[in-house]
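# Remarks on the overall topology
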Amino acid sequence: MSRIAVVPGSFDPVTLGHIDVIERAAGIFDQLHVLVVHNPDKSALLPVAQRVALIEKSIADAGLPDNILVTSWSVGLLVDYCTDVGASVLVKGVRSQVDVAYETPMAIVNRNLAGVETIFMLPDPAHAHVSSSLVRQVAALGGDVSPYVPKAVAQFLQSPATR
Ligand code: PNS
């Protein structure tokens, strides 16, 4: 039986920390779905379709395996998507105890709702301080985001058309 996992997130924008988790999760599961989820609690920088395109480009540029599908989800529960595609596992990167505290109730609810398990993955320490919100802030104030994001994202955020 093929093991399918989902890495969900806002990915606004995708960071090197996300790519690290995606790469390692893709090495564990037969198929990995990277799912861009609209989070109504956060004000977005990029449209969802742009986030998907930047993840796809970053994954291709990094030479990641071809068992990764990038898509988006905007209606209903995250576990509904998992059920629809036959995924039994969610993978979440956790950088700190703050992330663990934020993710734990969601992990329990998702298991209660649909039996979908959550696996917490520790990021490479090189990326432990990197977050999309930090990248958005640095980019908005004209700083260099290239240490924190894939090249395609840095180029996109720093292009005159985006700023
Ligand atoms: O990158 P983020 O913003 O931390 O990702 C959070 C996300 C999108 C994974 C989270 O908001 C989420 O799981 N949303 C799905 C909504 C849902 O199913 N909620 C009910 C069970 S927790």
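Notes on the structure follow. (Residues numbered from 1 in each chain as written. Predicted model: local features only at pLDDT ≥ 70, side-chain atom pairs only at ≥ 80, totals over all residues. Heavy atoms only, no water.)

### Observations concerning the overall build of the protein
What the protein contains, in helices and strands, is six helices and five strands. Each helix and strand of the protein, ordered N terminal to C terminal, gives the series β-α-β-α-β-α-β-α-β-α-α. Relative to the compact-globule value of 15 Å for 163 residues, the protein shows a C-alpha radius of gyration of 15 Å, a close match. The C-alpha extent of the protein, read off along each of the three principal axes, is 45 × 30 × 30 Å. In the protein, which comprises 163 residues, the share counted as buried stands at 41%. Contacts spanning at least 24 positions in sequence make up 74% of the contacts within the protein whose residues lie at least 6 apart. Working note: accessible area of the protein is about 8600 Å², and carbon and sulfur atoms make up 57% of it. When the 11 positive and 15 negative side-chain charges of the protein are each reduced to one mean point, those points stand 5 Å apart. (Helix = DSSP H or I, 4+ residues; strand = E, 2+ residues; numbered from the N terminus. Rg over C-alpha atoms; globule rule 2.2 N^0.38 Å. Buried < 20%, exposed > 50% of the residue type's maximum accessible area, 1.4 Å probe, protein only. Contact = heavy atoms within 4.5 Å. Areas by Shrake-Rupley, 256 points an atom, 1.4 Å probe, with all protein chains shown as cover. Lys, Arg positive; Asp, Glu negative; His and termini not counted. Charge placed at Lys NZ, Arg CZ, Asp CG, Glu CD.)

### Some words on helix α4 (residues 97-114)
For α4, with 18 residues, the first-to-last C-alpha span of 26 Å sits near the 26 Å given by 1.5 Å per residue. The set of residues buried in α4 consists of D99, E103, A107 and N110. The inward-facing, buried residues of α4 contact α3 (78-85), β4 (89-93) and β5 (117-121). Among the residues of α4, the N-terminal cap falls to S96, whose side-chain oxygen and the backbone nitrogen of V98 are separated by 3.2 Å. Of the residues one or two after α4, G115 is the one with positive phi, at around 70 degrees. (Expected span 1.5 Å × (residues − 1). Polar contact = N/O pair within 3.5 Å; in protein donor to acceptor, adjacent residues only side chain to side chain.)

### Let's talk about empty space enclosed by the protein
Taken as a whole, this structure holds two cavities of 30 Å³ or more when the rule is applied. What the largest cavity holds in volume is close to 60 Å³. What lines the largest cavity is S10, D12, H38, N39, K42, S43, A44, R51 and R136. In the lining of the largest cavity, the residues fall into one nonpolar, four polar and four charged. (1 Å grid on protein atoms, 1.4 Å probe; cavity = no way out; pocket = protein on both sides within 12 Å on 5 of 7 lines; lining within 4 Å. Points joined across faces, edges and corners; volume = space filled by probe spheres on them. Nonpolar A, V, L, I, M, F, W, Y, C, P; charged D, E, K, R; others polar.)

### A closer look at the pattern of salt bridges
Inspection of every chain in the model, using the stated rule, returns seven salt bridges. The salt bridge involving R136 is made with D12; its shortest N-O contact spans 3.9 Å. Taken together, the positions of R136 in helix α5 (residues 132-140) and D12 in the loop between β1 (4-9) and α1 (16-26) put the pair 124 residues apart, joining distant regions of the chain. Take D12: its relative accessible area is 3%, and that puts it in the buried class. (Salt bridge = Lys/Arg side-chain N within 4 Å of Asp/Glu carboxyl O.)

### As for the layout of surface pockets
For the largest pocket, the calculated volume is near 1100 Å³. The wall of the largest pocket is formed by 41 residues, among which P8, G9, S10, Y102 and E103 lie closest to the centre. Elements supplying a minimum of two residues to the lining of the largest pocket: β1, α1, α3, β4, α4 and α5. With eight residues, the single largest contributor to the lining of the largest pocket is α4. Classifying every residue of the lining of the largest pocket by side-chain character gives 19 nonpolar, 15 polar and seven charged.

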